[in-house]
Amino acid sequence: MALMSSLFVLVIAVALANLVAQWLPRISKTYLTLLAGIVIGMIPSLNQVVLSFENDVFMLLILAPLLFFEGQVTPMVKVGKGIPSILGTAFILAIVSAIVATLGLSKGFAIGLPVALIMVAISTPTDATAFESVVSGRKFSERLGDQLKMESLFNDATGLILLEAGVLWLKTSQLALAGNVGRLLVSAIGGVIVGGILALGVMLFRQAFARTEANVVSSQTLIYLLTPIIIYLIAEKLMVSGIIAVVVAGLVHNGEANSSRFAVPRQMYFGTELMNFSSEVLNGGVFVILGISLERIFRAQYQQMFVSLRWLWLGLAIYGLLVICRLGYAYLVIAKHQWQASWLFALGGVHGAVTLAMTFPIASIVSATQFQQIILVETVVIIVSMLVPTIAFKWLLPRDGDVLNKPIILAQLRREMTAVGIARVEALKLTPELKKTVIYDLQDQTKNNPLGAFVRRWRKITSRTEAVSLIQSRDQRWAMMQAFASERAFLTTQARQHVVAVELIHDIYTEVLMSEALVVDPYSRMV
C-alpha cells in the first residue's frame with residue numbers, strides 16, 4: 001500500500017508539472033518537475049507518503065526501462081559510426097577526469113585518495129534528460145548533442161566501476177589498478193554481450209509469434225515492457241554491467257522496429273506510443289524523485305551545512321575540475337581547436353538522478369560524517385551542473401525560433417486545413433443534421449468548439465433514445481473520410497510548395513491519419 005501511495009503522488013506530480021509546462025513554455029519541463037518534487041518534500045503530509053529513496057528499486061524500475069527506451073530510439077548505425085567517440089567520452093575521458101579530479105581534491109583539500117575517488121566517481125555519470133532541459137529553446141549542434149547523448153548512455157557503467165574501485169581502495173588500502181581496469185573491461189564488454197544475446201533471443205521469440213495466428217498484442221506488450229527489467233537483473237546476476245546491457249538491448253530493438261513495422265501494425269503503433277508515454281512519465285518521475293531527495297537532504301543536513309562550507313567548496317571543485325577536463329578533451333579531440341564548441345561540450349555534461357542514485361549505497365561503507373559530507377557535495381554538483389549551462393547557454397547559443405514559433409505555425413496550419421475539410425463537407429449532399437455533426441467533429445481539430453458546445457453535444461448523444469441507423473453511420477463515416485482526404489491533399493500541397501517545414505506538416509498529417517483511423521477502424525466504434 002505504501003508503494004502504491006508513493007507512485008500515486010509521483011505520477012500526479014508529473015502530470016501537474018507537465019500541465020504547468022504548457023502555460024510556461026519558456027521554462028524547461030525538467031525544472032518544473034524538479035520544483036514539484038521540492039514542493040512535495042516541503043509539505044509534511046505529502047512527504048511522509050513517499051517512501052525513502054531505494055537505489056535498487058530506482059535502478060531496476062526507472063533507470064533500466066528509461067535507458068532501454070533511449071537506446072531504442074537511437075539508430076544502431078549511428079552507434080556503430082560513433083564507437084570511437086563513445087569509447088573516448090564514456091570511458092577514456094571519464095577515467096582521465098576521475099584521475100585528475102581525485103588528485104586535485106586530495107591535494108587541495110587534504111582528503112584521502114580513496115574518499116576523493118568515491119566523490120568523483122559518483123559525479124562521473126552524465127544525464128541526457130538533464131542536458132535537454134538546459135538547452136531547451138536554444139539551437140545546439142546536432143553533432144555535439146549526439147555525442148553527449150551517447151556519452152550519457154554508456155558512462156554510467158564507468159562511474160559504477162570507479163565507485164567500486166574507490167570503495168575497495170578504502171576498505172583494503174590498495175588501489176589494484178590493473179584489477180579495476182580489467183573489471184571495467186569485463187563489465188562493459190560483458191554487458192554488451194549479455195544484453196545483445198538476451199535481446200536477440202527475446203526479439204526472435206516475439207517475432208516468431210508475431211508471424212502466426214497465435215499472436216496476442218497484450219502478451220507481446222507485457223513481454224516488451226518486462227524486457228529491460230529482466231535483462232538488467234540477469235546482467236547484474238552475471239556480474240556485468242546491467243546499464244550497458246539494457247542500452248544494447250534497446251539498440252537491438254531499434255533494429256527490430258525498423259525491420260518489422262508492418263507485420264502487426266496495431267502492435268507496432270501501440271508499442272511506439274507506449275514507449276513515448278513511458279519515457280515521458282519516467283523522465284518526469286526521475287526529476288520529481290530528485291527534487292524530493294534534494295529537499296530531504298537539505299532538511300536532514302541543515303545544521304551541518306552552516307557549521308562549515310567545506311562541502312560547498314568540494315562540490316564546486318569537483319564540478320570545476322570535471323569541466324576543465326571535458327574542455328581540454330573537447331578542444332583537442334572533438335571540437336578541433338574551436339573554443340565555443342569545446343565549451344558547449346564541457347558544459348553539456350550535466351549530472352542528474354543517476355549521480356544521486358550512486359550516493360546512497362555507500363552509506364554503510366563510509367563513516368556517518370563522511371556520508372553526510374559526500375551527499376551534500378553531490379547535491380552541489382547536480383545543482384551547479386544544471387544551473388551553470390542554463391545561464392551560460394543564454395549567451396553562447398541563439399534562440400531556436402522554430403521551437404518558439406512551432407505552436408503558432410501549427411495552429412495556423414490546422415485552421416487552414418480544417419477550413420478545407422469543412423468546405424468539402426459543405427459541398428456534399430447530406431442532411432443538415434448530419435452535416436452539422438460532421439462539421440462539429442472537424443472543428444475539434446482546431447479546438448474551436450467551446451466547453452458549452454461539448455456539453456450540449458454530450459447531452460444530446462447520451463439522451464438519444466434511438467440508435468444511429470446503419471445508413472446514418474455509413475453516411476457520417478463517408479463524409480468524414482471525404483473531409484480527411486481533402487485535408488491530407490491540402491497538407492501534401494503545402495509540403496510540395498515548401499510553405500511550412502516538412503516536420504511540422506508531418507506532425508499534423510499524422511494526426512489526420514489517426515483521426516481517420518478512429519473513423520474507419522471497426523474496433524473503435526466511434527461512429
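Definitions and limits used
Residues numbered from 1 in each chain as written. Predicted model: local features only at pLDDT ≥ 70, side-chain atom pairs only at ≥ 80, totals over all residues. Heavy atoms only, no water. Helix = DSSP H or I, 4+ residues; strand = E, 2+ residues; numbered from the N terminus. Rg over C-alpha atoms; globule rule 2.2 N^0.38 Å. Buried < 20%, exposed > 50% of the residue type's maximum accessible area, 1.4 Å probe, protein only. Areas by Shrake-Rupley, 256 points an atom, 1.4 Å probe, with all protein chains shown as cover. Lys, Arg positive; Asp, Glu negative; His and termini not counted. Charge placed at Lys NZ, Arg CZ, Asp CG, Glu CD. Salt bridge = Lys/Arg side-chain N within 4 Å of Asp/Glu carboxyl O. Contact = heavy atoms within 4.5 Å. Axes fitted to C-alpha atoms, helices over the stretch in contact; angles between N-to-C directions. Parallel < 35°, antiparallel > 145°, perpendicular 65-115°, else oblique. Left-handed = near helix turned anticlockwise from the far one by under 90°. Nonpolar A, V, L, I, M, F, W, Y, C, P; charged D, E, K, R; others polar. Core = buried A, V, L, I, M, F, W, Y, C linked by side-chain atoms within 4.5 Å. Phe/Tyr/Trp six-rings, centres within 6.5 Å; stacked < 30°, edge-to-face > 60°. Lys NZ or Arg CZ within 6 Å of the ring centre and 35° of its normal. Polar contact = N/O pair within 3.5 Å; in protein donor to acceptor, adjacent residues only side chain to side chain. Domains from an automatic or database assignment. Patch = residues over 30% accessible without salt bridge, like charges linked within 9 Å, V, L, I, M, F, W, Y side chains within 5 Å.

S.K.: What's the story with the overall build of the protein in this structure? I'm lost.
M.R.: Summing up its helical and strand segments, the protein has 23 helices and 0 strands in all. The C-alpha atoms of the protein give a radius of gyration of 27 Å, which matches the 24 Å a tight globule of 527 residues would have. Here the C-alpha coordinates of the protein stretch approximately 85 × 55 × 50 Å along the principal axes. Out of the 527 residues belonging to the protein, those deemed buried represent 49%. Working note: accessible area of the protein is about 26,900 Å², and carbon and sulfur atoms make up 67% of it. The averaged location of the 32 negative side-chain charges in the protein is 3 Å from the averaged location of its 41 positive side-chain charges.

S.K.: Looking at this structure, how should I read the pattern of salt bridges?
M.R.: The full count for this structure, using the stated rule, is 9 salt bridges. Its salt-bridge partner being Lys 29, residue Glu 280 comes within 3.2 Å of it at the nearest N-O pair. Residue Glu 280 is located in helix H13 (residues 265-300), and its partner Lys 29 is located in helix H2 (residues 29-42); the two are separated by 251 residues in the primary sequence. Among the residues examined, Glu 280 registers a relative accessible area of 40% and is labelled partly exposed. Assessed through its relative accessible area of 32%, Lys 29 is described here as partly exposed. The partner of Arg 206 in a salt bridge is Glu 256, with the nearest N and O atoms 2.8 Å apart. In this pair, Arg 206 sits in helix H10 (residues 177-210) while Glu 256 sits in helix H12 (residues 242-259), placing the two residues 50 residues apart along the sequence. We note that Arg 206, like Glu 256, is buried.

S.K.: Would you mind showing me how to read the environment of Leu 67 here?
M.R.: With respect to the helices and strands, the residue Leu 67 is situated in helix H4 (residues 55-72). On the basis of relative accessibility, which here comes to 5%, the residue Leu 67 falls in the buried class. For the pair Leu 67 and Met 275, spaced 208 residues apart in sequence, the C-alpha separation works out to 11 Å. For Leu 67, the residues in contact, after removing those within four places along its chain, are Leu 153, Asp 156, Ile 243, Val 246 and Val 247.

S.K.: What's the story with the side chain of Thr 418 in this structure? I'm lost.
M.R.: Looking at where Thr 418 falls in the secondary structure, it is placed in helix H19 (residues 401-426). Residue classification places Thr 418 among the buried positions, given a relative accessible area of 3%. Setting aside anything within four residues of it in sequence, one finds Thr 418 in contact with Leu 442, Gln 443, Gln 445, Thr 446 and Glu 487.

S.K.: Is there a simple way to think about helix H16 (residues 339-347) in this case?
M.R.: In an α-helix there are 3.6 residues to a turn, and that puts residues three or four apart on one side. Taken together, the buried positions of H16 are Ala 341, Ser 342, Leu 344, Phe 345, Ala 346 and Leu 347. Residues of H16 that are buried make contact with helix H6 (83-109), helix H9 (142-172), helix H15 (310-334) and helix H18 (368-396).

S.K.: Please clarify how unusual backbone geometry should be interpreted in this entry.
M.R.: For residues that are not glycine, phi is negative in most cases, and the peptide bond is trans in most cases. Phi angles above zero are rare outside glycine, and Ala 110 is one such case at about 55°. Mapped onto the secondary structure, Ala 110 falls in the loop between H6 and helix H7 (113-122). A residue is classified by how much of its surface remains accessible, and Ala 110, at 72% relative accessible area, is exposed. Not every positive phi belongs to a glycine, and Lys 336 is a case in point at roughly 55°. Of note, Lys 336 is situated in the loop between H15 and H16. For Lys 336, a relative accessible area of 66% corresponds to the exposed category.

S.K.: Is there a simple way to think about the packing of H4 against H13 in this case?
M.R.: Each pair of packed helices can be summarised by the angle the axes make with each other and by the distance between the axes. Closest axis-to-axis distance for the H4/H13 pair is 10 Å, and the angle between their directions is 135°. What the angle tells us is that H4 and H13 run oblique. Between H4 and H13 lies a crossing whose hand is left-handed. Of the residues in H13, those touching H4 at Phe 58, Leu 61, Ile 62, Pro 65, Leu 66, Phe 69, Glu 70 and Gln 72 are Met 275, Ser 278, Ser 279, Leu 282, Asn 283, Val 286 and Ile 289. Of the residues in the contact of H4 with H13, the class split is 10 nonpolar, 4 polar and 1 charged.

S.K.: For this particular structure, what's the right way to read the nonpolar core?
M.R.: The biggest cluster of nonpolar side chains holds 125 residues, and the ones touching the most others in it are Phe 58 and Phe 140. Setting aside residues no more than four positions away along its own chain, Phe 140 makes contact with Phe 131, Val 135, Gly 145, Leu 148, Leu 344, Phe 393 and Leu 397. Counting 24 residues, the second-largest nonpolar core is a separate cluster that includes Leu 413, Val 425, Val 438 and Phe 484.

S.K.: How should the packing of aromatic side chains be read in this particular structure?
M.R.: The relation between two aromatic rings is expressed through the spacing of the ring centres and the mutual angle of the planes. With the rule as written, the count across this model stands at 7 aromatic pairs. Their ring planes at 55° and their centres at 5.9 Å tell us that Phe 140 and Phe 393 sit as a pair that is tilted. With Phe 140 in the loop between helix H8 (128-134) and H9 and Phe 393 in helix H18, this pair connects stretches of sequence that are 253 residues apart. For Phe 140, a relative accessible area of 16% gives the class buried. A connected cluster of aromatic rings, assembled from ring pairs, spans Phe 68, Phe 69 and Tyr 224. Sitting over the ring of Phe 345, Arg 326 keeps its end group 4.5 Å from the ring centre.

S.K.: Looking at this structure, how should I read the side chain of Thr 158?
M.R.: Position of Thr 158 among the secondary structure elements: in helix H9. Classification of Thr 158 by relative accessible area gives buried; the value is 0%. Within the local environment of Thr 158, its side chain forms a polar contact with the backbone oxygen of Ala 90, the two atoms lying 2.7 Å apart. Those residues in contact with Thr 158 that lie beyond four places of it in its chain are Ala 90, Phe 91, Ala 94, Ile 95 and Leu 184.

S.K.: Even after reading the chapter, I still don't get the domain arrangement of the protein, so can you show me in this structure?
M.R.: Buried accessible area, meaning the area lost when the parts come together, often serves as the stated size of an interface. Split by domain assignment, the protein resolves into domain 1 (1-399) and domain 2 (402-520). Using C-alpha coordinates to define each centre, domain 1 is positioned 42 Å away from domain 2.

S.K.: I keep staring at a nonpolar patch on the surface and nothing clicks. Help me out?
M.R.: Together, Val 181, Leu 185, Ile 189, Val 192, Ile 193 and Ile 197 line one region of the surface with nonpolar side chains, adding up to about 540 Å² of accessible area. Following the sequence through the fold, Ile 189 ends up in helix H10.

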